[in-house]
Amino acid sequence: MALEFNAEYKKQVDWTLSRYPKKEAAMLPVLHLAQYQFGYISTEVMELVAKTLDVPVSRVQDVVTFYSMFREQPVGKYHIQVCHTLACAINGGAQVVKYLEEKCGVKANEGISADGKFSILRVECLGSCSTSPMMQVNDDYYENLTKARIDELVEKWKKE
Amino acid sequence: MEKVLTKMVGIENSRNIDVYLKSGGYQALPKALKMTPDQLVGMMKDAGVRGRGGAGFPTGMKWSFLPKDNPNPRYLLCNADESEPGTCKDRVLMEEDPHQVIEGLAISSFAIQAHTCYIYIRGEYVNGAQVLNKAIQEAYDKGYLGKNILGSGFDLDITVHRGAGAYICGEETGLIESLEGKRGWPRIKPPFPAVYGVFGSPTIVNNVETLVTPVHIINRGIQWWKDNEPKLYCMSGHLNRPGVFEAKIGINLKDLIYGDDYSQGIAKGRKLKAVIPGGSSVPVLKADECDVAMDFDALAKAGSALGSAGCMVMDETTCMVNALWNLIKFYAHESCGQCTPCREGGHWMEMVLGRIETGRGRMEDLDLMLETANNIAGRTICPLGDALAWPIAGMPDKNKGGDLSGNSFVTKFRDEFEYHITNKKCKVTIPHEWN
Ligand SMILES: Cc1cc2nc3c(=O)[nH]c(=O)nc-3n(C[C@H](O)[C@H](O)[C@H](O)COP(=O)(O)O)c2cc1C
Ligand code: SF4
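Residues numbered from 1 in each chain as written. Chains lettered and ligands numbered in written order. Predicted model: local features only at pLDDT ≥ 70, side-chain atom pairs only at ≥ 80, totals over all residues.

Peer 1: For the overall build of chain A, give the residues involved together with the corresponding values.
Peer 2: Looking only at helices and strands, chain A has seven helices and four strands in total. Across chain A, helices and strands are ordered from the amino to the carboxyl terminus as α-α-α-α-β-α-α-β-β-β-α. If one aligns the C-alpha atoms of chain A with their principal axes, the spans along those axes are about 50 × 30 × 25 Å. Relative to its full complement of 160 residues, chain A shows a buried share of 41%. Intrachain contacts of chain A at a sequence separation of at least 6 include 53% that bridge at least 24 residues. (Helix = DSSP H or I, 4+ residues; strand = E, 2+ residues; numbered from the N terminus. Buried ≥ 20, exposed ≤ 12 C-beta atoms within 10 Å, placed from the backbone. Contact = placed C-beta atoms within 7 Å.)

Right, here's the structure in full:
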């Protein structure tokens, strides 16, 4: 069955379209909205976005495969992205990944933990260099990470 | 020193329009609307403002490139992609003082006579986008945006446009393509954006920090600007107090690293080893080269660049082979793939560095890297190719007929690279603990 935006997202899609002289320019914002509603960008989601913007599905796929934030697979409830570029790397970025792997029970870049809660990715610079090491979990930044802080966060997420 | 760009940082509710107004906000905009656009462009030229996004291009001059006889609507694009590793300053402006940004965008839009402005913000800055959206709504409600701003007859719409995780969309023509809803593939220039930009229209792309400067020049005058030019510096790495600091442009790098008002020295009492002063694409400085003014000309003279003022400080626990490998991996990953030298060269450099780091390097790899870097720089559509080559082999050198000077990682730390190759292990033995 063809997918549709729900009422809340439909409103945001319409407002977004009104901000650009060409529909196609709303590609990234509409994809972001779609990813919020559906969790990831499946073929059906691409079809919905293509229909919304009046473009061929191949145009949407072209964009989805170029930008690292659009994912074609589901992720954990807590999708953890750890910066591994220089400013974070020299301040323990790799150790942060290792520690998170142990705590969350899933390896970086290897899917979702058995309980469905966690996925971990190593990513390039997130523009938070003066608060390294850092990670982004879903939409939020967690900065100046220490073992104690990660313990506290992961325990909280495990209970939720 | 009096804070100007970061005046609102740390103030309660700094993002609220009433708090901004109470602290003297939105006083420059009405003055600007009483000037002529040409006067504003002239003001930017006279003040000598140079772009804060990386290239240091004179802003007034860029604005004057807009064709006078093109009937298409003009666009102002605020580059908030903040994607050059080491750079984290625009985030502070947007998240802590969004109205300063909006006031700057309104003045700049009027100066170039654009009625539509997009803030292209990196997709990961979700919080920044939310803060900006809220502030933009407040500004519309109070008549600082929208139709007939403050009774001047000037209309302006601002829209926040989130990117989606691609460094190359910070490059101005990659940004334009991305804003049009495509892959962020940089365009061949000319035509320049001022003539043929987004939607085929005349377009100006400037960095966030560049676009707030007219607020302060109008409020305080051109002479004040020349005497006090404020600049943001992003201090990261092995520091006691990393952070984004405001200082007069040209502050000595040593003061930024060691000064009480700034980063307060190297963490854990360790020794300084190297500094990348202007974002990851600029050549590295050795510890004994850090007595240098942090401005465009002095750093160029020192064989590096101010770039985006993303200053990464490395202590004696840092392996220079590993550090360069890390950076080159970044550029190889972020190459958009259009040009062979950048796409292939990046991956080859990454592999060569990887084999040196893991004990499989050959002595000839060092000259091979310098030569390859030289064959990448200047031979690509966009400057990502250069950004990949400069950390390896330095900036172009007039005395070498425009070839790269050689003065960066591979030459300055050649002993460490050779040690890796000969001994199949790292010369650095002091571990860096994380806790
Ligand atoms: C690969 C690459 C990435 C860039 N990333 C950014 C960025 O994140 N932010 C930015 O303002 N400029 C960036 N630039 C520079 C822009 O192309 C452009 O020169 C700048 O936005 C102009 O603004 P300015 O004149 O105010 O400096 C980048 C350039 C290149 C080549
Ligand atoms: S230099 Fe690299 S990033 Fe720039 S256009 Fe060419 S391939 Fe793309």
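Peer 1: Explain the domain arrangement of chain B residue by residue, including any values.
Peer 2: It is common to give the size of an interface as the accessible area lost on bringing the parts into contact. Residue and element names in this part refer to chain B. On domain assignment, one finds that chain B holds domain 1 (17-225), domain 2 (229-315) and domain 3 (320-423). In this structure, domain 1 and domain 3 have C-alpha centres spaced 34 Å apart. With ten residues of domain 1 in contact, the opposing surface of domain 3 contributes eight residues. A breakdown of the residues in the side of domain 1 that touches domain 3 according to their chemical character gives six nonpolar, three polar and one charged. (Domains from an automatic or database assignment. Nonpolar A, V, L, I, M, F, W, Y, C, P; charged D, E, K, R; others polar.)

Peer 1: How would you sum up helix 7 (residues 147-159) of chain A? Please name residues and give values.
Peer 2: With 13 residues, helix 7 of chain A ought to run about 18 Å at 1.5 Å a step, and its terminal C-alpha atoms sit 18 Å apart, in line with that. When you tally the buried positions in helix 7 of chain A, you get one out of 13 residues, a small fraction of the element. (Expected span 1.5 Å × (residues − 1).)

Peer 1: Describe the domain arrangement of chain A, with residues and values.
Peer 2: The domain architecture assigned to chain A consists of domain 1 (7-66) and domain 2 (78-159). Of note, the centres of domain 1 of chain A and domain 2 of chain A, computed from C-alpha atoms alone, are 29 Å apart.

Peer 1: Run through unusual backbone geometry, naming residues and quoting values.
Peer 2: The omega torsion of the bond from S132 of chain A to P133 of chain A falls at -5°, within 30 degrees of zero and hence cis. Relative to the helices and strands, P133 of chain A is located in the loop between strand 2 (118-123) and strand 3 (135-137). Here the bond from K189 of chain B into P190 of chain B is cis, since omega is -5°, no more than 30 degrees from zero. In this fold, P190 of chain B is placed in the loop between helix 8 (172-179) and strand 4 (203-207).

Peer 1: Account for the interface of chain B and chain A, naming residues and giving values.
Peer 2: Contacts between chain B and chain A engage 49 residues on the former and 38 residues on the latter. When contributions to the side of chain B that touches chain A are tallied by element, the ones reaching two or more residues are strand 3 (157-162), helix 8, strand 5 (230-237), strand 6 (243-248), strand 9 (310-315) and helix 13 (320-334) of chain B. Counting residues per element, the side of chain B that touches chain A draws most heavily on helix 13 of chain B, at six residues. Taken together, the residues that form the side of chain B that touches chain A break down as 19 nonpolar, 21 polar and nine charged.

Peer 1: Account for the packing of helix 15 (residues 364-376) of chain B against helix 16 (residues 384-393) of chain B, with residues named and values stated.
Peer 2: Residue and element names in this part refer to chain B. Contact pair helix 15 / helix 16: the axes reach a minimum separation of 8 Å and the direction vectors enclose 150°. What the angle tells us is that helix 15 and helix 16 run roughly antiparallel. By crossing handedness, the relation of helix 15 to helix 16 is classed as left-handed. When helix 15 is examined against helix 16, the residues M369, L370, A373, N374 and I376 are found in contact with a partner set consisting of G385, L388, A389, I392 and A393. (Axes fitted to C-alpha atoms, helices over the stretch in contact; angles between N-to-C directions. Parallel < 35°, antiparallel > 145°, perpendicular 65-115°, else oblique. Left-handed = near helix turned anticlockwise from the far one by under 90°.)

Peer 1: Explain the sheet that holds strand 4 of chain B to me, using residue names and the numbers behind them.
Peer 2: Residues and elements named next belong to chain B. An order of 3-2-1-4 is seen for the four strands of this open sheet, with the pairing classed as parallel. Two strands lie at the open edges of the sheet, namely strand 3 and strand 4, each paired on one side alone. For this sheet the average axis-to-axis angle between neighbouring strands, irrespective of direction, equals 20°. Inspection of the sheet shows strand 1 (residues 75-80) paired to strand 4 by five bridges, in the parallel sense. From the neighbouring strand, L76 faces strand 4, where its bridge partner is I204. (Pairing = 2+ DSSP bridges.)

Peer 1: Run through the sheet that holds strand 1 (residues 78-83) of chain A, naming residues and quoting values.
Peer 2: All names here are of chain A. Sheet architecture is open: four strands sit in the order 2-1-3-4, paired in mixed fashion. Because the sheet does not close on itself, it has two edges, and the strands there are strand 2 and strand 4 (140-142). Each strand of the sheet is rotated relative to its neighbour by a mean of 25°, with strand direction disregarded. Note: strand 1 against strand 3, three bridges, orientation antiparallel. In the strand pairing of strand 3, Q81 is matched with Q136.

Peer 1: Tell me what's going on with helix 6 (residues 98-112) of chain B, and back it up with residues and numbers.
Peer 2: Residues and elements named next belong to chain B. Look at helix 6: 21 Å from first C-alpha to last across 15 residues, which is about the 21 Å you get at 1.5 Å a residue. Along helix 6, 15 of the 15 residues are buried, which leaves the element largely enclosed by surrounding structure. Q113 sits one or two residues past helix 6 and shows a positive phi near 60°.

Peer 1: Describe the site of ligand 1, listing the residues and the values that go with them.
Peer 2: All names here are of chain B. The local shell around ligand 1 holds 24 residues, among which G51, G53, G170, N207 and T210 are the closest. In the shell around ligand 1, the residues fall into eight nonpolar, ten polar and six charged. When residues of the shell around ligand 1 are sorted by domain, at least three fall in each of domain 1 (17-225) and domain 3 (320-423). (Near = placed C-beta within 6 Å.)

Peer 1: Mind laying out the pairing of strand 1 of chain B, listing which residues take part and the relevant values?
Peer 2: Along any regular strand the residues' side chains alternate between the sheet's two faces. Residues and elements named next belong to chain B. Of all six residues that make up strand 1, six are buried, and the element is covered over most of its length. Side-chain alternation along strand 1 places Y75, L77 and N79 on one buried face and L76, C78 and A80 on a second face that is also buried. Examined bridge by bridge, strand 1 and strand 2 (residues 116-121) share six bridges and lie parallel to one another. For L76, the partnering residue across the bridge sits in strand 2 and is C117.

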